[in-house]
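Chains, contacts and geometry: an overview
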Amino acid sequence: MKTKPDETADTQDTFRAERPENRRISRGSDPEVSESRPAPRVKSADQPEKKQPPLSRRQREFLEQERRHRTNVRIVRVMMLVLLLALWELFASFGVIDAFIFSSPSRIAACFLRMSRDGSIFLHTGVTLLETLVSFGLVVVIATAAAMLLWISRSLAEILEPYLVMLNSLPKSAMAPLLIVWLGNNMRTIIVAAVSVAVFGSILTLYTGFRQTDPDKIRLIASLGGTRRDVLLKVLIPSSVPLIISNMKVNVGLCLVGVIIGEFLSARAGLGYLIIYASQVLSRVHILTRLHIVLFLGLPNFHLLTLQAHDNISLI
Amino acid sequence: MKEKLQVKDLSYAYHELSGETPALSHISFDVEDGEFLAVVGPSGCGKSTLLSLLCGLLEPEEGAVLIDGIPREKSRAVIGYMLQRDHLFEWRTILSNVSLGLEIQKRLDSAAKEELRQMLTAYGLGAFQQARPSQLSGGMRQRAALIRTLALKPDILLLDEPFSALDYQTRLSVCDDISSILRARKKTAVLITHDLSEAISVADRILVLSGRPGRVKSVLKIEFAPEYDRPLARRNALEFSAYFNQLWKELRTDEDKT
Ligand SMILES: Nc1ncnc2c1ncn2[C@@H]1O[C@H](COP(=O)(O)OP(=O)(O)OP(=O)(O)O)[C@@H](O)[C@H]1O
Ligand SMILES: [Mg+2]
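What comes next is a walk through the structure.

Calculation criteria
- Residues numbered from 1 in each chain as written.
- Chains lettered and ligands numbered in written order.
- Predicted model: local features only at pLDDT ≥ 70, side-chain atom pairs only at ≥ 80, totals over all residues.
- Heavy atoms only, no water.
- Salt bridge = Lys/Arg side-chain N within 4 Å of Asp/Glu carboxyl O.
- Helix = DSSP H or I, 4+ residues; strand = E, 2+ residues; numbered from the N terminus.
- Buried < 20%, exposed > 50% of the residue type's maximum accessible area, 1.4 Å probe, protein only.
- Pairing = 2+ DSSP bridges.
- Contact = heavy atoms within 4.5 Å.
- Axes fitted to C-alpha atoms, helices over the stretch in contact; angles between N-to-C directions.
- Near = heavy atom within 4 Å.
- Polar contact = N/O pair within 3.5 Å; in protein donor to acceptor, adjacent residues only side chain to side chain.
- Areas by Shrake-Rupley, 256 points an atom, 1.4 Å probe, with all protein chains shown as cover.
- Nonpolar A, V, L, I, M, F, W, Y, C, P; charged D, E, K, R; others polar.

**Concerning the pattern of salt bridges**
Enumeration according to the criterion identifies 21 salt bridges over all chains in this entry. Residue Asp68 of chain B is joined to Lys4 of chain B by a salt bridge in which the shortest nitrogen-to-oxygen separation is 3.4 Å. Here Asp68 of chain B, found in the loop between strand E4 (62–67) and strand E5 (70–71), pairs with Lys4 of chain B, found in strand E1 (residues 3–16); they are 64 residues apart in sequence, far enough to count as distant. For Lys4 of chain B, a relative accessible area of 11% gives the class buried. When the shortest N-O distance is used, the salt bridge between Arg230 of chain B and Asp176 of chain B registers 2.8 Å. On the criterion of sequence distance, the pair formed by Arg230 of chain B in the loop between strand E10 (216–221) and helix H8 (231–234) and Asp176 of chain B in helix H6 (residues 168–184) is long-range, its members being 54 residues apart. The partly exposed category is assigned to Arg230 of chain B, whose relative accessible area is 33%. Among the ionic contacts, a cluster of salt bridges with common partners joins Asp214, Asp216, Lys217 and Arg219 of chain A together with Arg85 of chain B.

**Here we look at the environment of Leu133 of chain A**
Residue and element names in this part refer to chain A. With respect to the element layout, Leu133 can be found in helix H7 (residues 120–152). Residue class for Leu133 comes out partly exposed when judged on its relative accessible area of 46%. Each C-alpha atom of the pair Leu133 and Val252 lies 8.1 Å from the other, and the pair is 119 residues apart in sequence.

**Quick look at the sheet that holds strand E2 (residues 19–32) of chain B**
Residue and element names in this part refer to chain B. Strand order across the open sheet formed by four strands is E2-E1-E4-E5, with antiparallel pairing between neighbours. Among the strands making up the open sheet, the edge pair consists of E2 and E5. Inspection of the sheet shows E1 paired to E4 by five bridges, in the antiparallel sense. Within E4, the residue paired with Lys8 across the bridge is Ala64. Across the sheet, helix H1 (residues 47–55) lies against E1, E2 and E4, angled at about 120° from E1, the strand it touches most.

**A short note on the site of ligand 1**
Residues and elements named next belong to chain B. Contacts to ligand 1 come from 14 residues, most closely from Ser43, Lys47, Ser48, Thr49 and Arg212. Gly46 is positioned such that a nitrogen or oxygen atom in its backbone is 3.0 Å from an oxygen atom of ligand 1. A distance of 2.7 Å is found between an oxygen atom of ligand 1 and a side-chain nitrogen or oxygen belonging to Lys47. In the complex, the protein chains occlude 68% of the 630 Å² of accessible area that ligand 1 would expose alone. Elements with a minimum of two residues in the shell around ligand 1: E1 and H1. Counting residues per element, the shell around ligand 1 draws most heavily on H1, which supplies three residues. Here the shell around ligand 1 is built from residues that sort into three nonpolar, seven polar and four charged.

Fair warning: the whole summary comes from geometry, so function is off the table for now.
As structure tokens, this is what we get:
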């Protein structure tokens, strides 16, 4: 086949120059992300010589610029945290804000140290983390499965949609006492509460996303002799990966909220339990310490997911 | 010659709550075995709908489609359909994109994969097997889409403006290549196009459709001396401009009426 030779050669060159280097970046900064790239692996086996081309000057400049950008973002992020903590500490010690209500970083650190000496903080954090992860996993599985079911049956979707909207807007914290009576005073209640906070909105979001699949892509599968199952596996799910991931990001937060609500009401361990316990003995420092742990629990999850989402979006 | 594809009195309308859109009305034509038929007509006259009906994505409201004399739904003939846009999936590599059809039909073994590799190489995509579609130029994507269609070894090929996304130069050469490939393999093909000279340069016959709802306006037989067998060569033949004027007139009379 003879197309213009220069065109092919040209695209090929940039292709050679860019791919391996892009991968080097992502491998350097977060190893687990580059693990999630399935396809390019095969290539390295087929054409190993493609991996060591000399980089052009512009490409090197571009990479350098990208690297600088990433470093800057990281530095500013950390500096912002330091600045906020410093301001907080200063305001508290100079009495600009009431240290009794708002506490201060140093008091929180002291409290954290005290609690970590007897190990109680780790137990409670661990319990909350476990509950959050379990309910998060359940939400992802249930929501994805339900959204697919709705996509498969249009009638079912139309029948159930108002109910889902209603369930989603129901205040779950109001329902929690009911759950305790029903399921007892245990971890099951907490997980059900957390799942109920996140799952309905998640189903609605995913279903709306699924419905926006390009009808022509579905026609393509049909013209190749595929069934609805093929459409589901080969178009719907892969094309919805970014959506599913961004939805997961929201869900981590919601699940944590749900778990804390559940623990407020029916727990013998966990951060929510600690907060309630502390508020009964009115120790703001305690409450704040726990609140911060709650915050930090959320952060790494979020960060992980952002990285993954970033990687997947660049893939798709 | 034997009729490969027979279309008998085909009608189709799209139904929506807001109303009905008649797309095709009483279409009849035949395509012989190994023949290359081009379909031209104004935009929106139902050309894409016609191909969807031919390959069974839509069920005709009236009329029938016969393949080798048997109703389409009973026939075991394989029909390849190349859609108006390439629809390569960005989450797959080029190689796994072109193997999509075989994968769906569970016919993808290592021999088939090897054959696909060879096809990719033959069509100038050998170095891009593991690339993502966004790394390819428009013409390369079209070729990948064609390989995806040909991989199923179709008896009949339906092409919906396969070259419309290409720049003129690439378009001429890709069109020349593809039609030579199809002729060499003696495929029966139906090609939709907006480009009259493209239709004349590749087709054995041209079906002219009227504006919506599409009706068969006329059928033009295209004959060139054997030395003008390739599309690019046909463009140099004397008869070319005569055919062009004739086709232009057929389409124009349609416009004047509406
Ligand atoms: N899914 C659909 N639902 C409702 N109406 C449709 C649908 N698809 C097409 N139509 C209508 O049917 C008519 C024929 O559409 P079709 O896509 O077959 O035209 P076409 O000849 O391929 O046009 P073009 O040359 O622009 O591709 C159009 O007027 C369009 O409005
Ligand atoms: Mg069309």
